[in-house]
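Structural characterization, general
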Amino acid sequence: MPQRLADTLHRIGVEMAQVQERGRVADYIPELGCIDPKRFGMAVVTAEGREVQTGDADTSFSIQSVSKVFTLALALGKLGDQLWQRVGREPSGQAFNSILQLELEKGRPRNPFINAGALVTTDAVLTGATPREALGSVLRFMRAAAEDEDIHIDADVARSEQKTGHGNYALAHYIASHDNLLHPPELVCGTYFHQCAITMTCRQLARAGRFLMSAGQGPRLVSAGRVRRINALMMTCGQYDGSGDFAYRVGLPGKSGVGGGLLVIAPGRASIAVWSPGLDEQGNTLIGTLAVERLARAMGWSVFG
């Protein structure tokens, strides 16, 4: 498999460079709007510890909502199954920043990967901690998962989100109006914006995802049962209202971010990270999704056999 995987990644890198339609960058966050949509990187870490990369795999990017996977793991560590009293586990069928379901469901977000749900998990991580301490715990978890201390928050991206994140403030205030936030909305949003502004490379992100493989290399940071549950949520909810199409095309659990990042897990086999900043209409990386689809097909990786 090692040479086959290397050859496959090289071929995908060549193919992705030739694709003309690359989507649109998340220009509603000014710091992300100036990134070249032609950039593409991909890294794979196998259960045996082999690492293979192609393209801009060592270029840092803002992981945005990919961070929600790690925050969810921390929130579950703090609250356990009590978290599910405050946030659901069902696909939303709505845009990642929609407020419609919050109104219908009385301030209880549909799942922890849409923005409203991530605000609740961030609020959970803030329990007994200051924002600085909560962000420190997120960074420590991610650094431990990647076995790499060179993972940081991009202060410029965080400031950019704080200035333009009016929709997230609205979500937080609506959740608070139903007594589903324990901390002030401004405090929760500030912590959330900084969490989303964490920057990583594809290589670092693929390493950080190893704890979700339940096999092989990497630190064991979360119980096997919790790993299964996080992967299940990534499969059903990780691509917002594009999750069904992703499951159909790729057949693996994954979590996207509007910075163009994508973390995908082939359970027992590999952790995969892709970065291509152009997004599709659902806010998921257009080229990154295509690249993972081709990788999964070529390697025969799917949770469906």
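Preceding this paragraph is the structure being described.
Description of the structure in this document. Please read these numbers as outputs of a predicted model, since none were measured by experiment.

A few words on the overall build of the chain. When its secondary structure is counted, the chain shows 13 helices and eight strands. Taking 305 residues into account, the globule formula puts the C-alpha radius of gyration at 19 Å, and the chain, at 18 Å, falls close to it. Projected onto the principal axes, the alpha-carbon positions of the chain cover approximately 55 × 40 × 35 Å. Residues classed as buried in the chain amount to 58% of the 305 residues present. Contacts spanning at least 24 positions in sequence make up 71% of the contacts within the chain whose residues lie at least 6 apart. Carbon and sulfur atoms make up 49% of the accessible area of the chain, which amounts to about 12300 Å² in all. Averaging the positions of the 31 positive and the 30 negative side-chain charges in the chain gives two centres separated by 5 Å.

In the structure shown here, the tally under the stated rule is 14 salt bridges. Among the salt bridges present, the one from Arg11 reaches Glu15, with a minimum N-O distance of 3.9 Å. Of the two residues, Arg11 and Glu15 are both situated in helix H1 (residues 2–17); the distance of four residues between them amounts to about one turn of the helix. Arg249 is paired through a salt bridge with Asp245; the nearest N and O atoms lie 3.6 Å apart. With Arg249 and Asp245 both in helix H12 (residues 243–249), this residue pair falls four residues apart, about one helical turn. Residue Arg249 is classed as partly exposed on the basis of its relative accessible area, which comes to 29%. The structure contains a network of salt bridges with shared partners spanning Glu51, Asp58, Arg203 and Arg207.

Next up on the list: the sheet that holds strand S1 (residues 41–46). Here five strands make up an open sheet; going across it, the order is S2-S1-S8-S7-S6 and the pairing antiparallel. Each end of this open sheet is capped by a strand with a single partner; those strands are strand S2 (51–55) and strand S6 (254–256). Going across the sheet, the axis of each strand differs from the next one's by a mean of 10°, ignoring polarity. As paired strands, S1 and S2 are joined by five bridges and run antiparallel to one another. Pairing of Ala43 across the sheet is with Gln53, part of S2. Set on the sheet, helix H13 (residues 286–299) makes contact with S1, strand S7 (261–266) and strand S8 (270–275); between it and S8 the angle comes to about 150°.

The phi torsion at Gln64 lies on the positive side, around 50°, for a residue other than glycine. Of note, Gln64 is situated in the loop between strand S3 (61–62) and helix H3 (67–79). A relative accessible area of 3% means that Gln64 is categorised as buried. In this model, Asp179 sits at a positive phi of 60°, which is unusual for a non-glycine residue.

This paragraph deals with a positive patch on the surface. On the surface, a cluster of positive charge is made up of Arg89, Arg108, Arg228 and Arg229. Looking at the secondary structure, you find Arg108 in the loop between helix H4 (100–104) and helix H5 (115–125).

Right, let's talk about the packing of aromatic side chains for a bit. Given two aromatic rings, one states the distance between the centres and the angle between the planes to describe the pair. Inspection of every chain in the model, using the stated rule, returns seven aromatic pairs. For the ring pair Phe96 and Tyr240, a centre distance of 5.0 Å and an interplane angle of 40° mean the geometry is tilted. Within this pair, whereas Phe96 is found in the loop between H3 and H4, its partner Tyr240 is found in the loop between helix H11 (224–237) and H12, the two being separated by 144 residues in sequence. In this structure, Phe96 and Tyr240 share a single accessibility class: buried. Taken together, a centroid distance of 5.5 Å and an interplanar angle of 80° make the contact between Tyr169 and Phe193 edge-to-face. Of the two residues, Tyr169 sits in helix H8 (residues 166–177) while Phe193 sits in helix H9 (residues 185–196), which places them 24 residues apart along the sequence. A single burial state applies to Tyr169 and to Phe193, both of which are buried. Three or more aromatic residues link up through ring pairs in this structure, and these residues are Phe70, Phe141 and Phe211.

Here the focus is the sheet that holds strand S4 (residues 152–153). Ordered by their spatial adjacency, three strands build an open sheet running S3-S5-S4, and the pairing between neighbours is antiparallel. Of all the strands in the sheet, the pair left with one neighbour each is S3 and S4. Here S3 pairs with strand S5 (residues 198–200) via two bridges, running antiparallel. Each bridged residue has a counterpart across the sheet, and for Phe61 the counterpart in S5 is Met200.

So, on to the environment of Cys237. In this structure, Cys237 sits in helix H11. Taking the C-alpha atoms as reference points, Cys237 and Lys255, separated by 18 residues in sequence, lie 8.1 Å from one another. Ignoring any residue separated from it by four or fewer positions in sequence, one finds Cys237 in contact with Arg89, Glu90, Pro91, Asn111, Phe113 and Ser243.

About the cut-offs
Residues numbered from 1 in each chain as written. Predicted model: local features only at pLDDT ≥ 70, side-chain atom pairs only at ≥ 80, totals over all residues. Heavy atoms only, no water. Helix = DSSP H or I, 4+ residues; strand = E, 2+ residues; numbered from the N terminus. Rg over C-alpha atoms; globule rule 2.2 N^0.38 Å. Buried < 20%, exposed > 50% of the residue type's maximum accessible area, 1.4 Å probe, protein only. Contact = heavy atoms within 4.5 Å. Areas by Shrake-Rupley, 256 points an atom, 1.4 Å probe, with all protein chains shown as cover. Lys, Arg positive; Asp, Glu negative; His and termini not counted. Charge placed at Lys NZ, Arg CZ, Asp CG, Glu CD. Salt bridge = Lys/Arg side-chain N within 4 Å of Asp/Glu carboxyl O. Pairing = 2+ DSSP bridges. Axes fitted to C-alpha atoms, helices over the stretch in contact; angles between N-to-C directions. Patch = residues over 30% accessible without salt bridge, like charges linked within 9 Å, V, L, I, M, F, W, Y side chains within 5 Å. Phe/Tyr/Trp six-rings, centres within 6.5 Å; stacked < 30°, edge-to-face > 60°.

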